[in-house]
Structure formats: C-alpha cells, structure tokens
Amino acid sequence: SCWSSQKEVTHESLVVGAIENAFQFMDEQMARERRGHQVEGGCCALVVVYLLGKVYVANAGDSRAIIVRNGEIIPMSREFTPETERQRLQLLGFLKPELLGGEFTHLEFPRRIQPKELGQKMLYRDQNMTGWAYKKIELEDLRFPLVCGEGKKARVMATIGVTRGLGDHNLKVCSSTLPIKPFLSCFPEVRVYDLTQYEHCPDDVLVLGTDGLWDVTSDCEVAATVDRVLSAYEPNDPSRYTALAQALVLGARGIPRDRGWRLPNNKLGSGDDISVFVIPLGGPGSYS
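Residues numbered from 1 in each chain as written. Predicted model: local features only at pLDDT ≥ 70, side-chain atom pairs only at ≥ 80, totals over all residues. Heavy atoms only, no water.

Going by the annotation in an unreviewed UniProt entry, the name recorded for the chain is Protein phosphatase 1J, with Neovison vison given as the source organism.

Following this line, the structure appears as structure tokens:
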C-alpha cells in the first residue's frame, strides 16, 4: 500500500509551509479588514526569514531578490506576471469558463482578431502549450484574451499586471462586475539559501527591491553598484549597507531634467515606487 511508510517531512519544508500559510492568513485578514473598514487595494510581497542557518526568500508578485556573493549573482526569486503565469491563468479559465463571463477567451493569439477573419486560420496557444499552432477562428475567439500585452504592458483581463500578491479582493474588470481575484494567487514561491555552505565576507549581500528598481536596473548593474559603493567604506562600517540601498534607489530614480527624471544614459528613470533593502550575509568579523 502507498501508506505503508510515513513520508519524511524536513525542517526546511515545515518552514516553507509556515511561510506559505502566513501569506494565505494575511490575504484572508485583508479580506476581513476590507469588509470591516472598507480598505481596498492590494500589493506584492517579498519576505525574508532567517532561521537555523538558512535564509528563506518568499516572493508573491513582481519584486525581486538577488544575492551578490564575491561578484557572483544568485537569483533568489522570480517575477510572477501575466506572461510568466500564462498557462496557470489559462488553465483556470479553461476549467472554470464562468470566471470569463462570456467576455474573455482563455486562448492567446499573436494579435487581436477581427470579425472579418472568422473561419480563417490563426496562430494560437492554450493552457497546455508553450509553442504556437494554427486553429480555425470561431465566434468565441473574437472575445478579449484573458492574458494580453507584452512586458510591463501585459495584463490579466485588461486590468492588472501582476498575478500574485495580497489583497485586491474587490478588484473588478473595468466597466464590468467580473472579479479578478480568482486569477490572483496569494501564495509565494519560497527559495532557500544555506548560509553555512559558504564563508561569506562583509561584501556579500542580499538585495531586495520592488519592480521600481528592476524595471530600469539589471542584476549586473546592481552587482556593479554593490562593488562600487561597498569598496568605498571600511568593512566594519555599518553605514555602508544603508549607503548602498540609497545608491540603488537614487540610481533607479534618476535626476530631474527638463523632460522628467532621467538616468545617466538619458533613459527615463523609474516611475514606479522604489523600495530597496540590503541585508549583509557576512558582516564584521566573518573573515576567518
């Protein structure tokens, strides 16, 4: 029988489960507060827990965390957007078509289909596909796609650009009563980093940032800023990490010019909120 022995449950998986549960409890708490206090809206969440020599990074949304260790970049999260979660969203729309309200199709097409194209063949993909194939266009294919747009313009039901996070219990499709919450997940992906497997120096850091940072700054640019700022301070100066966080924020925001906030390359600075945390992994005295 498959129940002949008990499945092994590790300490690590218990911590991961506790973090996942905490996100769900928080989401439910926000639902209760919305009803009691008329609090609307929602947010992405990026959480770091340090326990028994391990760092747990939990991400729900499009914030990002990276470790910069001896100049090397170790990704500690991935963004959850309509593009990265297309298949999960499409599967839900396929299994529960009532959530689409007759207004949306769960299929994706390379562009908006015109009524005159009925009966013609068009490239499409569904919840099972990573590639594209052809199908004959039917009437329901003229509906608006559940997932549309690319990059920062990608949207679920033409409304929201992130697919995981907390809250948004009352979010509706514009000019409609269709709720979007069923497609949004409050559960994070949790990645684990074992601090005991490597001897960290004071220049090794965990950088957490909202999408306002990452929209205009690459992982490599962040790593270069880490090296540039930290090398200007003594290894045991605690203010070096605050200075690094400030440099990352200011670098993403840019400086005001006559045509808006601009980066050194004259591209527009980030127009989104920019929050950055820098967590040292080594700290003073960690050299052997």
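Continuing now.
Enquirer: When you look at the sheet that holds strand S17 (residues 276–280) in this model, what are you seeing that I'm missing?
Expert: In a beta sheet, neighbouring strands are held together by backbone hydrogen bonds and run either parallel or antiparallel to one another. If you walk across this open sheet you meet the four strands as S5-S4-S14-S17, and the pairing is antiparallel. Every interior strand has two partners, whereas the edge strands, strand S5 (72–75) and S17, have only one. Averaged over all adjacent pairs, the angle separating strand axes in this sheet is 20°, with direction ignored. One ladder, built from five bridges, connects strand S14 (residues 205–209) with S17; its direction is antiparallel. Paired with Val-205 across the bridge in S17 is Pro-280. Along the sheet, helix H4 (residues 219–230) makes contact with strand S4 (64–69), S5 and S14, crossing S4 at roughly 50°. Docked against the sheet, helix H5 (residues 239–253) engages S14 and S17, running at close to 150° with respect to S17. (Pairing = 2+ DSSP bridges. Helix = DSSP H or I, 4+ residues; strand = E, 2+ residues; numbered from the N terminus. Axes fitted to C-alpha atoms, helices over the stretch in contact; angles between N-to-C directions. Contact = heavy atoms within 4.5 Å.)

Enquirer: Could you clarify how one ought to interpret the domain arrangement of the chain in this entry?
Expert: By a widely used convention, the size of an interface equals the accessible area lost when the partners come together. With domains assigned, the chain is organised as domain 1 (11–41 + 57–77 + 197–280) and domain 2 (85–161). The C-alpha centroid of domain 2 is placed 33 Å from the C-alpha centroid of domain 1. (Domains from an automatic or database assignment.)

Enquirer: Got a minute to help me understand the pattern of salt bridges in this structure?
Expert: Close approach of charged atoms allows side chains with opposite charge to pair. Tallied over the entire structure, the rule returns 18 salt bridges. One salt bridge connects Asp-62 with Lys-152, and the closest N-O pair in it is separated by 3.7 Å. Residue Asp-62 is located in the loop between strand S3 (54–60) and S4, and its partner Lys-152 is located in the loop between strand S10 (147–148) and strand S11 (155–156); the two are separated by 90 residues in the primary sequence. Judged by its relative accessible area of 9%, Asp-62 is buried. Here Glu-108 makes a salt bridge to Arg-86, at a shortest N to O gap of 3.6 Å. With Glu-108 in the loop between strand S6 (104–105) and strand S7 (121–124) and Arg-86 in helix H2 (residues 86–95), this residue pair connects regions lying 22 residues apart in the sequence. Each member of the pair, Glu-108 together with Arg-86, is buried. Each member of the salt-bridge network shares a partner with another, and the members are Asp-62, Lys-152, Asp-211 and Asp-215. (Salt bridge = Lys/Arg side-chain N within 4 Å of Asp/Glu carboxyl O. Buried < 20%, exposed > 50% of the residue type's maximum accessible area, 1.4 Å probe, protein only.)

Enquirer: I keep staring at the confidence of the model for the chain and nothing clicks. Help me out?
Expert: Do not read the fine detail of predicted coordinates wherever pLDDT is low. Averaged over all residues, the pLDDT of the chain is 92; the fraction at 70 or higher stands at 97%. When pLDDT is averaged over each element of the chain, S14 comes out on top at 98 and strand S16 (residues 260–262) at the bottom at 79. (pLDDT = per-residue confidence, 0-100.)

Enquirer: Looking at this model, I keep getting lost on the sheet that holds strand S2 (residues 45–51). Mind explaining?
Expert: A sheet is described by the order of its strands in space; here three strands give the open sequence S2-S3-S13, paired in antiparallel fashion. For this open sheet the edge positions go to S2 and strand S13 (189–194), each flanked by a neighbour on one side alone. The mean angle between the axes of side-by-side strands here comes to 15°, regardless of whether they run parallel or antiparallel. Where S2 lies against S3, seven bridges are found, and the strand directions are antiparallel. For Val-47, the partnering residue across the bridge sits in S3 and is Ala-58.

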